[in-house]
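# Structure assessment
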Amino acid sequence: METPFEIRYNNIKLQVERLYKSANRLDDTKFPGLEDISFTLKGGECVHLHSYEPAANKLLLDTLTGRIRLDAGAIWVEHQGQWLNLPQLSPRQTRLLQAIGYLGPSELLCSASTVIGCVSQPQIELGVSRTQAEEQSHHILDWVGLPRRLWHRAPKQLAPAELHQVNLARTFAVDHSIIVIDLPLTQLDPANQTRLLKLIAYRKAQDVCFIGQFDQEDLRTQICDRTLSIYVPTLA
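Residues numbered from 1 in each chain as written. Predicted model: local features only at pLDDT ≥ 70, side-chain atom pairs only at ≥ 80, totals over all residues. Heavy atoms only, no water.

### Side note on the sheet that holds strand E5 (residues 82-85)
What the 4 strands build is an open sheet, ordered E2-E1-E4-E5; its pairing is antiparallel. In this open sheet, the two strands that pair with only one neighbour each are strand E2 (33-42) and E5. The mean inter-strand angle of the sheet, taken between neighbouring strand axes irrespective of direction, is 15°. When strand E1 (residues 12-22) meets strand E4 (residues 72-79), the two strands line up antiparallel, connected through 5 bridges. Bridge pairing links leucine 14 to valine 77 in E4. (Pairing = 2+ DSSP bridges. Helix = DSSP H or I, 4+ residues; strand = E, 2+ residues; numbered from the N terminus. Axes fitted to C-alpha atoms, helices over the stretch in contact; angles between N-to-C directions.)

### Considerations on the sheet that holds strand E6 (residues 100-103)
Across the sheet, 5 strands lie side by side as E6-E7-E8-E3-E9; this open sheet has parallel pairing. Every interior strand has two partners, whereas the edge strands, E6 and strand E9 (226-229), have only one. Taking the axes of each pair of neighbouring strands and ignoring which way they run, one obtains an average angle of 25° across the sheet. Bridge analysis of strand E7 (residues 178-181) against strand E8 (residues 209-212) gives 4 bridges, and the strand direction is parallel. In the strand pairing of E8, valine 180 is matched with isoleucine 211. Strand contacts of helix H6 (residues 160-172): E6, E7 and E8, with the helix running at about 180° to E6, the strand carrying the most contacts. (Contact = heavy atoms within 4.5 Å.)

### Overview of the confidence of the model for the protein
Mean pLDDT over the protein stands at 89; residues scoring 70 or higher make up 92%. Per-element averaging of pLDDT across the protein places helix H1 (residues 5-8) at the bottom with 54 and H6 at the top with 97. (pLDDT = per-residue confidence, 0-100.)

### Remarks on H6
Taking 1.5 Å per residue as the helical rise, H6 with its 13 residues ought to reach 18 Å, and the 19 Å between its terminal C-alpha atoms agrees with that figure. Where H6 is concerned, the buried positions are Leu163, His164, Gln165, Val166, Asn167, Leu168, Ala169, Thr171 and Phe172. The secondary structure elements touched by the buried residues of H6 are E6, helix H4 (115-125), helix H5 (130-144), E7, helix H7 (190-204) and E8. (Expected span 1.5 Å × (residues − 1). Buried < 20%, exposed > 50% of the residue type's maximum accessible area, 1.4 Å probe, protein only.)

### Section: the layout of surface pockets
A probe as big as a water molecule, rolled over the atoms, marks out the empty space that is left. Approximately 820 Å³ is the volume attributed to the largest pocket. Around the largest pocket, the lining comprises 28 residues; the ones closest to its centre are Arg67, Arg95, Tyr102, Glu125 and Arg170. Of all the secondary-structure elements, those providing two or more residues to the lining of the largest pocket are helix H3 (91-95), E6, H4 and H6. For the lining of the largest pocket, the element with the most residues is H4, which contributes 4 residues. Of the voids in this model, the second largest pocket is the one considered here, and its volume is about 220 Å³. (1 Å grid on protein atoms, 1.4 Å probe; cavity = no way out; pocket = protein on both sides within 12 Å on 5 of 7 lines; lining within 4 Å. Points joined across faces, edges and corners; volume = space filled by probe spheres on them.)

### Remarks on the packing of aromatic side chains
Taken as a whole and assessed by the stated rule, the structure comprises 1 aromatic pair. Across the ring face of tyrosine 102, the terminal group of arginine 67 is positioned such that the distance to the ring centre comes to 3.5 Å. (Phe/Tyr/Trp six-rings, centres within 6.5 Å; stacked < 30°, edge-to-face > 60°. Lys NZ or Arg CZ within 6 Å of the ring centre and 35° of its normal.)

### Notes on the nonpolar core
Core analysis: the largest hydrophobic core is formed by 35 residues, its most contacted members being Leu141 and Ile200. At the level of secondary structure, the elements contributing two or more residues to this core comprise H4, H5, H6, E7, H7 and helix H8 (217-223). Per element, the largest residue contribution to this core is 5 residues, and it comes from H6. Contact partners of isoleucine 200, with chain neighbours within four places excluded, come to Cys46, Phe172, Ile181, Phe210, Phe214 and Ile223. Core analysis: the second largest hydrophobic core is formed by 30 residues, Leu41, Val77, Ile100 and Leu228 among them. (Core = buried A, V, L, I, M, F, W, Y, C linked by side-chain atoms within 4.5 Å.)

### Re the state of the cysteines
Disulfide: a covalent bond formed between the sulfur atoms of two cysteine residues. A complete count under the given rule lists 0 disulfides for this structure. Not engaged in a disulfide, the cysteine cysteine 224 finds its nearest cysteine sulfur in cysteine 46; these two sulfurs lie 3.9 Å apart. Among the residues examined, cysteine 224 registers a relative accessible area of 16% and is labelled buried. (Disulfide = S-S within 2.5 Å.)

Here is the structure:
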């Protein structure tokens, strides 16, 4: 589907329409799910996601990355000049969609065999040659300040701050147009918080948009352009 006129000329990168997703009742969730959520994200903005129920924020972020399927609704993203609805894509198509990046918990990277392989993998999956992927990985790992002597170690052997550096490098090595941040910023040390803010500011200037939970007020005021408050119904 071609990009609609009103979306293309308002610089919209993502549009959510009437999203519904029931919560998992097996994990002691205190809310029934997401109901009738609609919003847009524009290029160059960073949006703080807020609701009274943190699990609802997590549920919404997971739907945006295709990690869980919707019950109803649409999530429209632009990819290579076409406007795609995420729920209509297969899991494999969603993984190969360069439009949406994901910065999640750093411990998820511990199963990788080497740091350089961990950072290169998303690029290779998108069709970049191994040589080009490793060159880009070298560049971003140098930028985040991870010593080169650590690049061929397994991520699980790194200190927590070093693992966060790898996580930042892996996410920002790819030119996504939308980045979902599902990493609690309180887990980051001050140096990595500063690195993340600089990376976000740099990519915002390139028209990339961000959405996530920026619960630290001092960080939120530095980088976020607005707050998106979602209504979450309560259980009867």
